[in-house]
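Here is what each chain is made of, one letter per residue.
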Amino acid sequence: MQTIIDLANTIFKPIIDLGAAPIMLIVLTLIAWAVGVNFFHALEGGIKLAIAITAIGSVIGLLTTTYQPALNAFVKSTGINLSITDLGWAPLATITWGSPYTLFFLAILVIVNLILLFLNRTNTLDVDIFDIWHLSFTGLLAIYFGANLFVATILVIFIGILKIINSDLMKPTFNDLLDDWENPMTTTHLNYMMNPVIMIFDKLFDKLFPWLDKYDFDAAKLNEKIGFWGSRFAIGIYLGIFIGLISHQSVKSIATLAFMAATCLELFSIIGSWFIAAVEPLSQGVSDFANKRLGGRMLNIGLDWPFLAGRAEIWAAANVLAPIMLLEALVLPGNGILPLGGIIAMGVTPALLVVTRGKIIRMIVIGAIELPLFLWAGTLSAPFITHTARALHAPGIPSTGLFSASTKEGPIEQFIAVLVGKASKGEMMMVLYAALALVAYTALFFWYRHEMMKRNQKYSDDGKEVADDVKFVPTHGAASSAE
């Protein structure tokens, strides 16, 4: 196994060291070229994707940086002291990629994806190799708590397979949200593995509170009715004023918060369209390749989540959830993390959008219910993150104290990793807890899969085109892949 780790590091490390945007430029260009797209047309798409990734990261960073002083002021005025520093996701990605095991997990998951494609168990080709770090984080967490590399690898493969199955299940919903049934885009991002938990609460809404939906609003439709006052600009201004007021900011600071939120919400929409434009060459190439070589079988392309960034509901919900998360963090038993770096909850809202299909009231209520899972997971993983960062001499980390991320994707997976790690030490109670957790996790996922297949069949019945693997794969097919 050490030979495989060394080989993976030799092959992938020079590419990974370039960063997310150059990685995706190279990957998208080469895949498009491999399926027959003219090289310079493929390169154009790769460059556009790199620009889109850079832009979305820059805007999120700008929004977070602008809001942190106000949130710090709010915490200071309350006198609450939470000891774990929230660094956000970026330092955690850097720390995780600093481990040689991450490249090993990447190599294994690339092989697993290719096997699933060859066996016709998925139609998704996962090209978002940078975000493999989320699964590697899970595996490394299991190792930190006692698992050996073999057990951690099995756990990573298991979750990775479910993640790919989920990308196929979500594809028709992505088409619906984008109002585009021709694009090849889906995602294997770990944040969407919260879908099963979110769907439980969504079903409860259907049974207990369906009347709330009549008060819901669609940002785009609202904009059509009342113009500017329902636009992304206006939503950003409302939210900026709200956060400024609760943190006792000056008029100047409130204006800055309001105008920055308004600007960022509009930019997110614009940048979201760049992702669609970036994959157009690949989309056409995959279509031509499928017709010529795969008997018409269409492949989905697994990208990062921001191709949905144009949906205003993601940002409206994230901004409303920011002060809610802050208030929850102050009173939540067992929480030790102050949400700052992860306050704009990008690990939370994309999955809420997919399950609820943009019902903003549901997104906010369900998001508020699930936020404690992220805070507890951030608290639980803080010793591991701090230890690993200092062992790797990661730059830019605090020299004292614990640190983590408040909205790190995959909180359920982090809990399972801890249980699996502790169970690997042979303690029978932990073995039992880990077994029960894995059974519950798997059962919940396949219940969710059943519900998504019903949704996808409804799309088909309504005349929408749905991929064969989503509509007709028998239950035992996907289940055997996961096992």
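The structure displayed is predicted, hence computed values, not measured ones. Per chain, residues are indexed from 1 in the order of the written sequence. Residue-level local features of this predicted model are given only where pLDDT is at least 70; pairs of side-chain atoms are given and counted only at 80 or more, and the full residue set underlies all totals for whole chains, interfaces and linings. The side-chain values count all of the structure's non-hydrogen atoms but skip hydrogen atoms and water molecules.

1. A closer look at the overall build of the chain
For step 1, the next point in the chain: Assigned secondary structure in the chain consists of 19 helices and six strands.
For step 2, the next point in the chain: Residue exposure (1.4 Å probe, protein chains only): buried if accessible area is under 20% of the type maximum, exposed if over 50%, otherwise partly exposed. The 483 residues of the chain split such that 56% are buried.
For step 3, the next point in the chain: When contacts within the chain are restricted to residue pairs at least 6 apart in sequence, long-range pairs at least 24 apart make up 80% of them.
For step 4, the next point in the chain: Note on areas: these come from Shrake-Rupley sampling with a 1.4 Å probe, and a residue is covered only by the protein chains present in the view. As displayed, the chain has an accessible area near 20,000 Å², and 66% of this comes from carbon and sulfur atoms. Here a strand is any run of E in DSSP of at least two residues, a helix any run of H or I of at least four, and the numbering for each starts at the N terminus. Note on contacts: a residue pair qualifies if any of its non-hydrogen atoms lie within 4.5 Å across the two residues.

2. Focus on helix α13 (residues 312–331)
For step 1, the next point in the chain: Over its 20 residues, α13 runs 30 Å from end to end, which matches the ideal 28 Å to within 8%, given 1.5 Å per residue.
For step 2, the next point in the chain: The largest bend along α13 reaches roughly 30° and is located at Leu-321, with the proline Pro-323 sitting one to four residues downstream.
For step 3, the next point in the chain: Counting buried residues along α13, 16 of its 20 residues qualify, which places the element largely inside the surrounding structure. A helix is expected to reach a length of 1.5 Å times the quantity of its residues less one. We define the bend at each residue as the angle formed by axes fitted to the 7 residues ending at it and the 7 residues starting at it.

3. So, a nonpolar patch on the surface
For step 1, the next point in the chain: Without a salt bridge and with relative accessible area above 30%, a residue can belong to a patch; like charges are then joined within 9 Å and nonpolar side chains (Val, Leu, Ile, Met, Phe, Trp, Tyr) within 5 Å. Salt bridges, as used here, are contacts in which a Lys or Arg side-chain nitrogen is within 4 Å of a carboxyl oxygen on Asp or Glu. A cluster of nonpolar residues, Ile-200, Leu-204, Leu-208, Phe-209, Trp-211 and Trp-447, forms a patch on the protein surface that exposes about 560 Å² of accessible area.
For step 2, the next point in the chain: Here the nonpolar patch gets three residues from one element, more than from any other, and that element is helix α8 (residues 195–208).
For step 3, the next point in the chain: Relative to the assigned elements, Trp-447 resides in helix α17 (residues 428–461).
For step 4, the next point in the chain: By relative accessible area, Trp-447 is classed as partly exposed at 31%.

4. Some points on the pattern of salt bridges
For step 1, the next point in the chain: Counted by the stated rule, this structure contains six salt bridges.
For step 2, the next point in the chain: A salt bridge links Asp-206 to Arg-362, with the nearest nitrogen and oxygen atoms 2.9 Å apart. Linking Asp-206 in helix α8 with Arg-362 in helix α15 (residues 360–391), this pair joins segments that are 156 residues apart in sequence.
For step 3, the next point in the chain: We classify Arg-362 as buried; its relative accessible area is 1%.
For step 4, the next point in the chain: A salt bridge links Glu-451 to Lys-454; its shortest N-O distance comes to 3.4 Å. Here Glu-451 and its partner Lys-454 are both found in helix α17, three residues apart, which amounts to about one turn of the helix.

5. Observations concerning unusual backbone geometry
Note: most peptide bonds trans; most residues except glycine with negative phi.
For step 1, the next point in the chain: You will see that Asn-120, though not glycine, has its phi angle at about 60°, which is positive.
For step 2, the next point in the chain: For Asn-120, a relative accessible area of 46% translates into the label partly exposed.

6. Some thoughts on the sheet that holds strand β2 (residues 124–126)
For step 1, the next point in the chain: As summarised here, the arrangement of the three strands in space is β2-β4-β3, forming an open sheet in which the pairing is parallel. Either end of the sheet is taken by a strand with one partner, and the two such strands are β2 and β3 (185–187). The average angle at which neighbouring strand axes cross in this sheet is 40°, direction not considered.
For step 2, the next point in the chain: With three bridges joining them, β3 and strand β4 (residues 300–303) adopt parallel strand pairing. If you follow Thr-187 over to β4, its bridge partner there is Leu-303. Any two strands with at least two DSSP bridges between them are considered paired. Interaxial angle, 0 to 180 degrees, is taken between N-to-C directions of lines fitted to C-alpha atoms, where a helix line uses only the stretch in contact.

7. Describing the nonpolar core
For step 1, the next point in the chain: Judged by nonpolar contacts, the single largest core of 131 residues is most densely connected at Val-127, Leu-162, Tyr-192, Leu-308, Tyr-441 and Phe-445.
For step 2, the next point in the chain: The element that contributes the greatest number of residues to this core is helix α7 (residues 149–178), accounting for 15 residues. Here, the term nonpolar core denotes a set of buried Ala, Val, Leu, Ile, Met, Phe, Trp, Tyr and Cys residues that are joined through side-chain atoms within 4.5 Å.

So, to be careful, I would describe these as geometric facts and stop short of saying anything about function.
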